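Chain and residue survey
Below are the chains, spelled out letter by letter.
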Amino acid sequence: MANIKSTIELNVELDENRVPEKLTWNAQDGGIKNEEAKAMMLSVWDSEKQESLRIDLWTKDMPVDEMKVFFHQTLVAMSNTFKRATQDEKMSATMMDFCDYFAEKLEITKK
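Overview of the structure. This is a predicted model, so every value here is computed, not measured.

**Some remarks on the overall build of the protein**
If you tally the helices and strands in the protein, you get two helices and five strands. Ordered by position from N to C terminus, the α and β elements of the protein give β-β-β-β-β-α-α. The C-alpha atoms of the protein give 17 Å as radius of gyration, which overshoots the globular expectation for 111 residues (13 Å, by more than 25%). In terms of its C-alpha atoms, the protein occupies a principal-axis envelope of roughly 45 × 40 × 30 Å. Sequence-distant contacts in the protein: of pairs separated by 6 or more residues, those separated by 24 or more amount to 28%. Total accessible area on the protein is roughly 9200 Å²; 53% of this is exposed by carbon and sulfur atoms. One way to put it: in the protein the 15 positive side-chain charges average out to a point 2 Å from where the 21 negative ones average out.

Rendered as structure tokens:
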């Protein structure tokens, strides 16, 4: 059986101070081509070192109110992924309670 590979590409355009001005990404298998984004968070697990490695970027024109919604949605997605990956219902519910608290404190309304 042949190995199947899929590529996800992230592109970052920087200003003269190396601050991100534009983020785009491509995922051919997902039908994504030069899709623009205002922020991104990428985590990868280094099994050998037993630690996460992260890249967090946002463009200088990312509005703070959108960043708050982005964080909330990311926390909800992480909670859902944690539940699927571990089947830990109790901790997943606790994480979702925090997501609700986070949204309430930041006055984020769900769309």
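**Considering the packing of aromatic side chains**
Scanning the model with the defined rule gives three aromatic pairs in all. On the numbers, 6.3 Å between centres and 40 degrees between planes, the contact of Phe98 with Tyr101 is tilted. Taken together, the residues span about one helical turn, with Phe98 and Tyr101 both in helix α2 (residues 89-105) at a distance of three residues. Put simply, the rings of Phe98, Tyr101 and Phe102 touch in pairs and so form one group of aromatic residues.

**A few points about the sheet that holds strand β3 (residues 32-37)**
The antiparallel open sheet is built from three strands, whose spatial order is β1-β2-β3. The open sheet terminates on both sides in strands that have one partner only, identified here as β1 (8-14) and β3. Averaged over all adjacent pairs, the angle separating strand axes in this sheet is 20 degrees, with direction ignored. In this sheet, strand β2 (residues 20-27) lies alongside β1 in antiparallel orientation, the contact comprising seven bridges. Residue Ile8 lies in a different strand from β2, and its bridge partner there is Ala27.

**Some points on the pattern of salt bridges**
Any two side chains of opposite charge can pair if their charged atoms end up close together. Within the structure shown, the criterion is met by five salt bridges. Across the pair Arg54 and Asp56 runs a salt bridge, and its minimum N-O distance is 2.5 Å. Members of the salt-bridge network, linked through shared partners, are Asp15, Glu21 and Lys60.

**Focus on helix α1 (residues 64-86)**
Taking 1.5 Å of rise per residue, 23 residues should cover 33 Å, and α1 covers 32 Å from first to last C-alpha, within 8% of that figure. Among the residues of α1, Met67, His72, Thr74 and Ser79 are the ones counted as buried. Those residues of α1 hidden inside the fold are in contact with β4 (39-46), β5 (51-58) and α2. Looking one or two residues beyond α1, the residue adopting positive phi is Gln87, at roughly 60 degrees.

**A short note on the side chain of Thr24**
Structurally, the position occupied by Thr24 is in strand β2. Among all residues touching Thr24, those that are not within four sequence positions of it are Glu9, Leu10, Asn11, Asn34, Glu35 and Glu36.

Reading guide: rules and limits
Residues numbered from 1 in each chain as written. Predicted model: local features only at pLDDT ≥ 70, side-chain atom pairs only at ≥ 80, totals over all residues. Heavy atoms only, no water. Helix = DSSP H or I, 4+ residues; strand = E, 2+ residues; numbered from the N terminus. Rg over C-alpha atoms; globule rule 2.2 N^0.38 Å. Contact = heavy atoms within 4.5 Å. Areas by Shrake-Rupley, 256 points an atom, 1.4 Å probe, with all protein chains shown as cover. Lys, Arg positive; Asp, Glu negative; His and termini not counted. Charge placed at Lys NZ, Arg CZ, Asp CG, Glu CD. Phe/Tyr/Trp six-rings, centres within 6.5 Å; stacked < 30°, edge-to-face > 60°. Pairing = 2+ DSSP bridges. Axes fitted to C-alpha atoms, helices over the stretch in contact; angles between N-to-C directions. Salt bridge = Lys/Arg side-chain N within 4 Å of Asp/Glu carboxyl O. Expected span 1.5 Å × (residues − 1). Buried < 20%, exposed > 50% of the residue type's maximum accessible area, 1.4 Å probe, protein only.

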